[in-house]
Amino acid sequence: MSTIRDLSQDAEAESHQSFDVVIVGAGFAGLYMLYRLRELGLRVQVFEAGGNVGGTWFWNRYPGARCDVESMEYSYSFSEELQQEWNWTERYATQPEILSYINHVADRFDLRRHIKFNTRVQSAFFDETKSLWSIQADGTSMKASFCVMATGCLSAAKAPEIEGHDRFDGETYHTGLWPDTEFNFTGKKVGVIGTGSSGVQLIPEVAQQSKELYVFQRTPTFSLPAGNRPLNSAEVSDIKRSYTDLRKRARISPTGVASYPVPTQSALEASPDEREIAYDVRWRIGGTAYTRTYNDIMLNAQANQTAADFARQKIKARVRDPEVAEALTPKDVMIGTKRLCLDTEYFETYNKPHVKLIDIKNTPITEITSKGIRTSQTEYILDVLIFATGFDAMTGSILKVDIRTSSGLSLAKKWKEGPKTYLGLMTAGFPNLFMITGPGSPSVLSNMVVSIEQHVEWISDCMASMRLNGRLQIQATSSAEDDWVHHVNELSNGTLFPLGNSWYLGANVPGKPRVFMPYVGGVGRYREICTDVASNDYKGFEFKNT
Ligand code: FAD
Ligand code: NAP
């Protein structure tokens, strides 16, 4: 099959290794992109900073790590054989199980031979006259017609901005960079900073081993019992039988999860008793669909308060010491504006005598010392320090790569005031550079595997169409991008999301521009827009043939 561009005609390209497409990242996104492009007959090279496939599930090996979208839905749908042969064992799969699954996918489809592991891409430069990207990756130089950033939304781990954070002499871990080595916290004094989704999963597990556990909490979090349990073979078979329909429904749903409800009633139309019952039902079912009990929980502050108050009562019921319960209860925060967490025995963990909550809003950390953590009140002497402090989300890993063009554009400069994209797929001025689940797409507000598959399929169809029509270059037009950015902002400003102090907004990274990054309009609606754009000869994109 012919390639997109005959690189053998280009002396400069010939002197480097040359490919049709370079993909950066070998998580769910990079692997499926590789699979699709190879099916098109393209020559593809993947660079992966990690030592193996898996992305999120390669790096986040902390105890307790698991998905919070149900396993049967948090998986690829592109291969009927794959989805029939793989057997998930728990409602929410553990990190090791998800990692085994991704490894199985890599082996089953013979993907590894196209991936260079332990290789981080540092820069990408587009020569507009030659229509070629030059990629520099740990001493390797490569040319490609296209570059696809499959770098992940939650892959740039963030250390806390605390004086002395690298000074501690004991064992140090970051949940997002957890080493693949044995660890044992038995008999040890452990400190954890951070109580987001990672902290909430990790803390109960560490509490089981450690002699003393100190949790340093800056902001209390809303978390629901996940309701995790083993899956039985009958329900797995049932789902497998109806997979075609389930996947179809997920693709057109608001969140990419077929089993989530699409509420039609306002919380404010229901009576307090009706609400109590409805919230209790969703609470018992478990899962982040709690904020979908009514249709206005993320739209109306009063409606949100009804859901938040119910969740607050539940925290108080789970924690025995009223003072600790009070400190663990989020105040002045709307539920769901920060990512809702799912847990197993998180709040109950604080009932254990060796687990202490340190409220660092009241007694701030002043420094990390060689022996532990010093707050305004005392020094906590520790053997182990764990950072569960999150990520420079959505733009972090893209902007760590120095991306420039021959017309003098730099992506870091262009995105100084916040990311600008058309559909979260491309950014104007950077031809032949695609992003998977980029800012401006539903990405982190959805079941990400569904969003990843949609982007990968759109991008590969686009490349196939370009080849068919002899088109060499594609880029978003500035006007389409401006309209899209306006649309994304307008939609999010109609919700409560921008009011949370969340990583969705970049609020967790000092100096990061505050822009609500994901598209809130829903997976189904977004898919329709993308399909419509493609079927109207990629309206909003422009092509060059030479
Ligand atoms: P990633 O899995 O992040 O992979 C990106 C890869 O790119 C990484 O391996 C990274 O090393 C590599 N990379 C980045 N920059 C470079 C570079 N410059 N050079 C070379 N390689 C590079 N989503 C859900 O929908 N449901 C869940 O239940 C869920 N649970 C999660 C749990 C945790 C602990 C975390 C952190 C995230 C979770 N997510 C969840 C989001 C998760 O990130 C996505 O679901 C999905 O795994 C993302 O896949 P990806 O391939 O896009 O990115
Ligand atoms: P996070 O949600 O950003 O939480 C980071 C935590 O660290 C917060 O409690 C934050 O406090 C605290 N923190 C950060 N810097 C600090 C500092 N300098 N001093 C004190 N505390 C500090 O990160 P995360 O928990 O890693 O989760 C990130 C995302 O990954 C999630 O939202 C989710 O999308 C995904 N994830 C999913 C799962 C799952 O269940 N499937 C599990 C883990 C992660 P503040 O709130 O005060 O900033």
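To be clear, the structure that these remarks concern was listed above.
Structure report, in brief. (Residues numbered from 1 in each chain as written. Chains lettered and ligands numbered in written order. Predicted model: local features only at pLDDT ≥ 70, side-chain atom pairs only at ≥ 80, totals over all residues. Heavy atoms only, no water.)

**Topic: the packing of helix H8 (residues 243–252) against helix H17 (residues 523–535)**
Between H8 and H17, the shortest axis-to-axis distance is 5 Å and the interhelical angle comes to 80 degrees. Our classification of the angle between H8 and H17 gives roughly perpendicular. Of H17, the residues touching H8 (which contributes Ala 250, Arg 251 and Ile 252) are Val 523, Gly 524 and Arg 527. A per-class count over the contact of H8 with H17 returns 3 nonpolar, 1 polar and 2 charged. (Axes fitted to C-alpha atoms, helices over the stretch in contact; angles between N-to-C directions. Helix = DSSP H or I, 4+ residues; strand = E, 2+ residues; numbered from the N terminus. Parallel < 35°, antiparallel > 145°, perpendicular 65-115°, else oblique. Contact = heavy atoms within 4.5 Å. Nonpolar A, V, L, I, M, F, W, Y, C, P; charged D, E, K, R; others polar.)

**Regarding H17**
Here H17 is 13 residues long and its end C-alpha atoms lie 18 Å apart, about the 18 Å a rise of 1.5 Å per residue gives. All buried positions along H17 are accounted for by Val 523, Gly 524, Tyr 526, Arg 527, Cys 530 and Val 533. Structurally, H17 contributes buried residues whose contacts are with H8, helix H15 (448–468), helix H16 (478–493) and strand E20 (541–544). Downstream of H17 by a residue or two, Asp 537 has a phi angle that is positive, lying close to 45 degrees. (Expected span 1.5 Å × (residues − 1). Buried < 20%, exposed > 50% of the residue type's maximum accessible area, 1.4 Å probe, protein only.)

**A short note on the packing of aromatic side chains**
In total, this model carries 45 aromatic pairs according to the counting rule given. The interplanar angle of 80 degrees and the centroid separation of 5.3 Å between the aromatic rings of Trp 458 and Tyr 538 together place this pair among those described as edge-to-face. Taken together, the residues Trp 458 in helix H15 and Tyr 538 in the loop between H17 and E20 connect sequence positions 80 residues apart. Taken together, the ring pairs connect Phe 28, Tyr 32, Tyr 35, Trp 57, Tyr 74, Tyr 76, Phe 78, Trp 86, Trp 88, Tyr 101 and Phe 109 into an aromatic cluster. Above the face of the Phe 58 ring, Arg 61 is positioned so that its terminal group lies 4.9 Å from the ring centre. Its end group placed over the ring of Phe 543, Arg 471 keeps NZ or CZ at 3.8 Å from the ring centre. (Phe/Tyr/Trp six-rings, centres within 6.5 Å; stacked < 30°, edge-to-face > 60°. Lys NZ or Arg CZ within 6 Å of the ring centre and 35° of its normal.)

Purely spatial values, then, with no claim about function.
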